[in-house]
Amino acid sequence: MPGCDADPAVLAWAKRYTRHPQQFESQLQAVLPHLVYVQQVADRYDVAGEFVLLPWVESHFRPVLARKHRPAGMWQIMPMTAGAMGLRVDGHYDGRLDGPAATNAVMKLLEQYHDQFRDWRVADYAYNAGEFTIRKIIRTHGMPADQPAIPHWPVRKVTREHLTKLLAIACVVREPARFNVSLPTLPSEQHLVQTEIYHSMPIARAANHAGMSVEALKHLNPAFRSNMIDASAASYLILPAGHARQFRDALLAHASSTHGDGLLDGVGAATVGSAPGEKVARKTHIVKRGESLWQIARNYSVNVSQLQRWNRLGGHALKPGQALMVSAPN
């Protein structure tokens, strides 16, 4: 997408973000685990890299809790949009606050927008203003020219500013020295990993297993609205890599001490994003009645085509009790 000098407004916002360099670096460091995780998921999609920074514009990567008829999560997804994206939202669970599910859904949506409009600027406008609004503008005014970088379209100020802010934060990341800032790095132990669970449990117990406070675990897994982790809604937790290992070890120890009573069997390994150098075990999933291939792919943050290839499936049909490989064979 266009760079720092594409439009004076982009440069102005970039300077505004970095007006206080140390404060900016501190803010970026605080959200870096989420940013890196989003980047790892986004790598699977044919989406412009600038969109990894979209949650900065939407929420500063904060897991904004839901209010009635209001957007929620770091992607700021509306309730009606969530349904169209395949995200479950009810009194017990809000998929808009589920990092893996929401990130995959947003990347898929952005990919679809670009397939339709063939312009990443228009894809961003569609994300902010809505697809039907953008289609109406195109019918009346046609597609925007390559220049200027911020199209002269009759959109709301907030929509134009949305694209400007996205290009501005991308500008800072692209040329940090220009703004007298340094980009932070993330130690491998702090990388967020998706850790599978196969049985519901109280959040307090999960936090104890992971060696974390309840507040810290809930902050990373805000989709669960009660004090229970509902494995039927999402069969994973997002944990820092170091705590994920402690969590799995605790579950295995508990399973061993209960002599295989089945309460905690099927302890899963970490998946995307796994910390660099961390060995990822091959995993399988037992198909439950009513589950679809797409739903399973979403839960494990993989593509349907990958599941089909790994399991040599010719179509989408599944049978209850069928064992599916849900991670790469190698």
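Everything in this summary refers to the structure shown in the same document. Keep in mind the model is a prediction, meaning the values are calculated, not measured.

**Notes on the overall build of the protein chain**
In step 1: The helix and strand tally for the protein chain stands at 13 helices and 7 strands.
In step 2: For 330 residues, the compact-globule estimate of 2.2 N^0.38 gives 20 Å, and the protein chain sits close to it at 21 Å.
In step 3: Expressed as lengths along the three principal axes of its C-alpha atoms, the size of the protein chain is roughly 65 × 45 × 40 Å.
In step 4: Going through the 330 residues of the protein chain one by one, you find that 50% of them count as buried.
In step 5: For the protein chain, long-range pairs separated by at least 24 residues make up 66% of all intrachain contacts whose partners lie at least 6 apart in sequence.
In step 6: Summed over its atoms, the accessible surface of the protein chain is roughly 16000 Å², and 52% of this surface lies on carbon and sulfur atoms.
In step 7: A gap of 5 Å separates the mean positions of the 36 positive and 27 negative side-chain charges of the protein chain.

**Remarks on the pattern of salt bridges**
In step 1: Throughout the structure, instances matching the rule amount to 12 salt bridges.
In step 2: For the salt bridge of R178 with D5, the shortest nitrogen-to-oxygen distance reads 2.6 Å. With R178 in the loop between α8 (157-174) and β1 (192-196) and D5 in the segment before α1 (8-17), this pair connects stretches of sequence that are 173 residues apart.
In step 3: A relative accessible area of 56% means that D5 is categorised as exposed.
In step 4: Where D119 meets R121, a salt bridge forms, and the shortest distance between an N and an O atom there is 2.8 Å.

**Some details on the state of the cysteines**
In step 1: For the coordinates displayed, the defined rule picks out 1 disulfide.
In step 2: Between the sulfur of C4 and that of C171 lies a disulfide, 2.1 Å long from S to S. Its S-S torsion of about 110° marks the bond between C4 and C171 as right-handed, since a negative value means left-handed. Of this pair, C4 sits in the segment before α1 while C171 is found in helix α8, placing the two residues 167 residues apart along the sequence. Pair check on accessibility: C4 and C171 agree, each one buried.

**Side note on the side chain of R121**
In step 1: For R121, the location among the structural elements is in helix α6 (residues 120-129).
In step 2: Exposure remark for R121: the relative accessible area of 5% places this residue in the buried category.
In step 3: There is a polar contact of 2.8 Å between the side chain of R121 and the backbone oxygen of A145.
In step 4: Aside from chain neighbours lying at most four places away, what touches R121 is M1, P144, A145, D146, P148, A149, P151 and L163.

**With respect to the layout of surface pockets**
In step 1: Volume-wise, the largest pocket comes out at about 970 Å³.
In step 2: Secondary-structure elements contributing two or more residues to the lining of the largest pocket are α4 (79-84), α5 (99-117), α6, α7 (131-141) and α12 (293-299).
In step 3: A total of 7 residues in the lining of the largest pocket trace back to one element, the largest contributor, which is α5.
In step 4: Taken together, the residues of the lining of the largest pocket sort by class into 22 nonpolar, 9 polar and 7 charged.

Cut-offs and rules
Residue positions are given per chain, counting from 1 as you read along its sequence in written order. Restriction of local features to residues with pLDDT of at least 70 applies here, the model being predicted, together with a cutoff of 80 or more for giving and counting side-chain atom pairs; totals for whole chains, interfaces and linings are based on all residues. Only hydrogens and water are removed before side-chain values are computed, so all heavy atoms of the structure are retained for them. Secondary structure follows DSSP: runs of H or I at least 4 residues long count as helices, runs of E at least 2 residues long count as strands, and numbering of each begins at the N terminus. Both definitions apply: the radius of gyration is a C-alpha atom measure, and the globule rule equals 2.2 Å times residues to the power 0.38. The cut-offs for exposure are 20% and 50% of the maximum accessible area for each residue type, with area from a 1.4 Å probe on protein chains only; residues under the lower value are buried, those over the upper are exposed, and the others partly exposed. We call two residues in contact whenever any of their non-hydrogen atoms come within 4.5 Å of each other. The accessible surface values rely on the Shrake-Rupley method and a 1.4 Å probe; as for residues, cover is taken only from the protein chains in view. In this tally, Lys and Arg are treated as positive and Asp and Glu as negative; His is ignored, and so are the chain termini. For charged residues, the charge sits on one atom: NZ in Lys, CZ in Arg, CG in Asp, CD in Glu. Basic side-chain nitrogens of Lys or Arg form a salt bridge, by our definition, when they fall within 4 Å of a carboxyl oxygen of Asp or Glu. Two cysteine sulfurs form what is called a disulfide whenever their separation falls within 2.5 Å. Whenever a nitrogen or oxygen atom comes within 3.5 Å of another N or O atom, the pair is scored as a polar contact, on the condition that within protein one atom can donate a hydrogen and the other can accept it, and that pairs from neighbouring residues in sequence are kept only if both atoms are in side chains. Whether a set of points on the 1 Å grid over the protein atoms alone is a cavity depends on a 1.4 Å probe fitting there but being unable to get out, while an open set qualifies as a pocket with protein on both sides within 12 Å along at least five of seven lines; lining residues are those with an atom within 4 Å of a point. Grid points are joined across faces, edges and corners, and a volume is the space filled by probe spheres set on the points. Residue classes follow a fixed rule: Ala, Val, Leu, Ile, Met, Phe, Trp, Tyr, Cys and Pro count as nonpolar, while Asp, Glu, Lys and Arg count as charged, and any other residue, Gly among them, counts as polar.

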